[in-house]
Amino acid sequence: MAQLRGRDEVKRRRDRLGTAVALIDGHTLSGELLAHYARYVAVLVSGYIEQGVKELIREYARKHGDQRLQRFVSKQLDRVNGIDTDRLKTLLDALDPGWWPELEALHADNLEAVKSIVTLRHSVSHGGDSGITVVTVRDYLCRVDPVMKWLTERLDPPPPSS
């Protein structure tokens with residue numbers, strides 16, 4: 001199978017995440033198992049944001065720059081971890097100073113979900129007791145989706161239809 005790039009890779013990651021969330025639908029699990037699963041899915045959502053943003057920026061560089069620029073961008077992104085709203089702002093401002101204000105104006109509430117899920121991921125990965133529920137994680141994911149869609153449309157728009 002060919003390696004997916006840009007929007008196609010983001011879609012693949014989102015589909016995989018949706019499958020992970022749907023695994024517990026219709027199952028009766030103890031409260032403790034549900035809490036563990038909620039933390040697990042929260043980490044997956046945070047990873048989806050981070051890897052999705054990186055892939056979209058790499059695709060943007062592939063489409064707009066030569067190999068040297070692509071390599072530079074890729075190496076810089078390799079050093080970026082935990083893409084929260086502050087890091088996302090920095091990355092977008094580096095590409096186009098008008099993008100962050102537009103994203104923030106359209107999706108301020110959804111950006112709060114991005115911030116919350118990344119904060120939650122940090123807490124979980126450092127042994128914190130998050131108190132998160134599967135319902136809350138699903139809500140965060142639903143609120144992250146419009147942000148990722150907006151990023152996809154800016155960084156890797158679909159080819160024009162002929």
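Residues numbered from 1 in each chain as written. Predicted model: local features only at pLDDT ≥ 70, side-chain atom pairs only at ≥ 80, totals over all residues. Heavy atoms only, no water.

### What to know about the overall build of the protein chain
Of regular secondary structure, the protein chain possesses six helices and zero strands. When the helices and strands of the protein chain are placed in sequence order, the string is α-α-α-α-α-α. Against the 2.2 N^0.38 benchmark of 15 Å for 162 residues, the protein chain shows a C-alpha radius of gyration of 17 Å, consistent with a compact globule. Principal-axis analysis of the C-alpha atoms gives the protein chain an extent of 55 × 35 × 30 Å. (Helix = DSSP H or I, 4+ residues; strand = E, 2+ residues; numbered from the N terminus. Rg over C-alpha atoms; globule rule 2.2 N^0.38 Å.)

### Regarding the packing of helix 4 (residues 85–95) against helix 5 (residues 99–125)
Their axes nearest at 11 Å, the elements helix 4 and helix 5 cross at an angle of 160°. Taken as axis vectors, helix 4 and helix 5 run roughly antiparallel relative to one another. The element helix 4 and its partner helix 5 pack so that their crossing is right-handed. Of helix 5, the residues touching helix 4 (which contributes Thr-85, Leu-88, Lys-89, Leu-92, Asp-93 and Leu-95) are Trp-99, Trp-100, Leu-103, Leu-111, Val-114 and Lys-115. Taken together, the residues that form the contact of helix 4 with helix 5 break down as eight nonpolar, one polar and three charged. (Axes fitted to C-alpha atoms, helices over the stretch in contact; angles between N-to-C directions. Parallel < 35°, antiparallel > 145°, perpendicular 65-115°, else oblique. Left-handed = near helix turned anticlockwise from the far one by under 90°. Contact = heavy atoms within 4.5 Å. Nonpolar A, V, L, I, M, F, W, Y, C, P; charged D, E, K, R; others polar.)

### Observations regarding the packing of helix 2 (residues 31–64) against helix 3 (residues 67–78)
The interhelical angle for the contact between helix 2 and helix 3, taken along N-to-C directions, is 165°, at an axis separation of 9 Å. As far as their axial angle goes, helix 3 and helix 2 are roughly antiparallel. Helix 3 is crossed by helix 2, and the crossing has right-handed handedness. Contacts between helix 2 and helix 3 pair Lys-54, Ile-57, Arg-58, Ala-61 and Arg-62 from the former with Gln-70, Val-73, Ser-74, Leu-77 and Asp-78 from the latter. Here the contact of helix 2 with helix 3 is built from residues that sort into four nonpolar, two polar and four charged.

### Description of the side chain of Glu-9
Here Glu-9 lies in helix 1 (residues 6–22). Excluding anything up to four places from it in sequence, Glu-9 contacts Leu-4 and Glu-55.

### Things to note about the pattern of salt bridges
On inspection of all chains with the given rule, the structure shows 14 salt bridges. Linking Asp-15 and Lys-11 is a salt bridge whose minimum nitrogen-to-oxygen distance equals 2.7 Å. Placement of both Asp-15 and Lys-11 in helix 1 is noted, with a separation of four residues, approximately one turn of the helix. The partly exposed category is assigned to Asp-15, whose relative accessible area is 40%. Linking Asp-139 and Arg-143 is a salt bridge whose minimum nitrogen-to-oxygen distance equals 3.4 Å. Placement of both Asp-139 and Arg-143 in helix 6 (residues 134–155) is noted, with a separation of four residues, approximately one turn of the helix. If you follow the salt bridges from partner to partner, you end up with Glu-9, Arg-12 and Arg-13 in one network. (Salt bridge = Lys/Arg side-chain N within 4 Å of Asp/Glu carboxyl O. Buried < 20%, exposed > 50% of the residue type's maximum accessible area, 1.4 Å probe, protein only.)

### Describing the packing of aromatic side chains
By the definition in use, this model includes two aromatic pairs. Note on Tyr-37 and Tyr-40: the rings are 5.7 Å apart at their centroids and 50° apart in plane angle, and the pair reads as tilted. On the criterion of helical spacing, the pair formed by Tyr-37 and Tyr-40 is a turn pair, its members being three residues apart in helix 2. Classification of Tyr-40 as partly exposed rests on a relative accessible area of 45%. (Phe/Tyr/Trp six-rings, centres within 6.5 Å; stacked < 30°, edge-to-face > 60°.)

### A look at a nonpolar patch on the surface
Nonpolar side chains collect at one region of the surface, where Leu-29, Leu-33 and Leu-34 lie side by side and expose about 220 Å² of accessible area between them. Given a relative accessible area of 32%, Leu-34 falls into the partly exposed group. (Patch = residues over 30% accessible without salt bridge, like charges linked within 9 Å, V, L, I, M, F, W, Y side chains within 5 Å. Areas by Shrake-Rupley, 256 points an atom, 1.4 Å probe, with all protein chains shown as cover.)

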